[in-house]
Every structure is written in C-alpha cells, then in structure tokens.
Amino acid sequence: MENWSNPSRKPRERGRAYDPYAHAEELGLAVIFRPLRVSHERWLPDAQTIVIQESLRSVHRRNALAHGIAHCVLGHEDDRPKHEVQADRFAASNLIDLNEFRAIARWAPDLEHLVAELGVTTRLARAFVAQHLDLAQHADPAQQAEVAPGRAHTGTHD
C-alpha cells in the first residue's frame, strides 16, 4: 500500500496530469487487459493485479485503472457497494483537479461536455461532485464557497 504519511514524498499530480499507469507501477501492481463480462475492471488483491476490460477505449481504461488503484490503496478485498463508492471518490480525486473542474464548469453547457473535457466518466464526475458537496456541508460558511463547485451539473447522461 502507498505511504501517505511520508513528508518527503512529493504530492501526486491530479487531473489530466495524473498518470494511473505510473501510479500502478509505483505501487508494484500488475495491470493486464482481458475480456471481462460484468465490469470494466477487477482488483485481485492476492495477486496485486488489476484486470482491465480489454475492449475499453483509452479514456475508460484510464478511469477503470484509477478505480482499481483506489481499491488497492484503500485496502479493499471485495466489491461491496460501500467500497465501490469509496473507490469512485478516490479515483475521482486523482483524475479530477478541483481548479480544472471549476474552470470547465464555468463554460461547459452540460455534464456531457464537462466529462468529455475532463476525460472522466459521468460516474466519476458525479462521485467527485458528491464528495465536494459532502465536504462543503461540513465546512464553515466562509469555506463552503471554496469547496463546492462553482456551478452544479446534473443530468442522466452516462
């Protein structure tokens, strides 16, 4: 697992600069591409391996790998719903930079354009917004404007 308490460790890049392939390599994880019937990725903790659906396009592969890395870093050994939410939020926090999100949300007419520009899935964009709204609810009023996205995007596009 990753050492988050090491003060000499430089902060990980976020947003479009985040490279989940390099992150997986740093963690010593194997990443393989195979046909999967039910999901886009599968975390195999005993083998320290993430299996990615081979037919996915590159954007979806990047998202699936970030999600699989989240399962590893968070110590998940199963895919119960709580772990899936946690993994989505962790992956979104790596794949989406808050400042990039705010800048794009100012001009993007809808969620479809926002996710295309960010290079993430609708599911991870929603996880990112939910996480920041949760943080905003627990912040004092002066901090809420800093945490919550500048413009809410909702919709049913997946």
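A brief look at the structure comes next. (Residues numbered from 1 in each chain as written. Predicted model: local features only at pLDDT ≥ 70, side-chain atom pairs only at ≥ 80, totals over all residues. Heavy atoms only, no water.)

1. Description of the packing of aromatic side chains
Two numbers describe a pair of aromatic rings. These are the distance of the centres and the angle of the planes. The following threshold applies: A pair of aromatic rings is counted whenever rings of Phe, Tyr or Trp (Trp by its six-membered ring) have centres within 6.5 Å, and the orientation is called stacked for planes under 30 degrees apart, edge-to-face for over 60 and tilted otherwise. Every helix listed is a DSSP run of H or I at least four residues long, and every strand listed is a run of E at least two residues long, numbered separately from the N terminus.
Evaluation of the coordinates by the stated rule reveals one aromatic pair. Centre to centre, the rings of Phe101 and Phe128 are 5.2 Å apart; their planes meet at 50°, and the pair counts as tilted. Here the residue Phe101 occupies a position in helix H4 (residues 98-107), and Phe128 occupies one in helix H6 (residues 122-138), the gap between them amounting to 27 residues.

2. A few points about the layout of surface pockets
Basically, it comes down to this: Using protein atoms alone on a 1 Å grid, points that fit a 1.4 Å probe yet trap it form a cavity, whereas open point sets bounded by protein on both sides within 12 Å along at least five of seven lines form a pocket; residues with an atom within 4 Å of a point count as lining. Grid points are joined across faces, edges and corners, and a volume is the space filled by probe spheres set on the points. Residue type decides the class: Asp, Glu, Lys and Arg count as charged, Ala, Val, Leu, Ile, Met, Phe, Trp, Tyr, Cys and Pro as nonpolar, and the leftover types, Gly among them, as polar.
Size it by volume and the largest pocket reaches roughly 850 Å³. Looking at the largest pocket, it is lined by 30 residues, and the ones nearest its centre are His40, His60, Ala64, Thr121 and Arg123. For the lining of the largest pocket, the elements supplying multiple residues, two or more each, are strand S2 (41-44), helix H2 (58-73), helix H3 (81-95), helix H5 (111-118) and H6. Broken down by element, the lining of the largest pocket gets its largest block of residues, six residues, from H2. A breakdown of the residues in the lining of the largest pocket according to their chemical character gives nine nonpolar, 10 polar and 11 charged.

Fair warning: the whole summary comes from geometry, so function is off the table for now.
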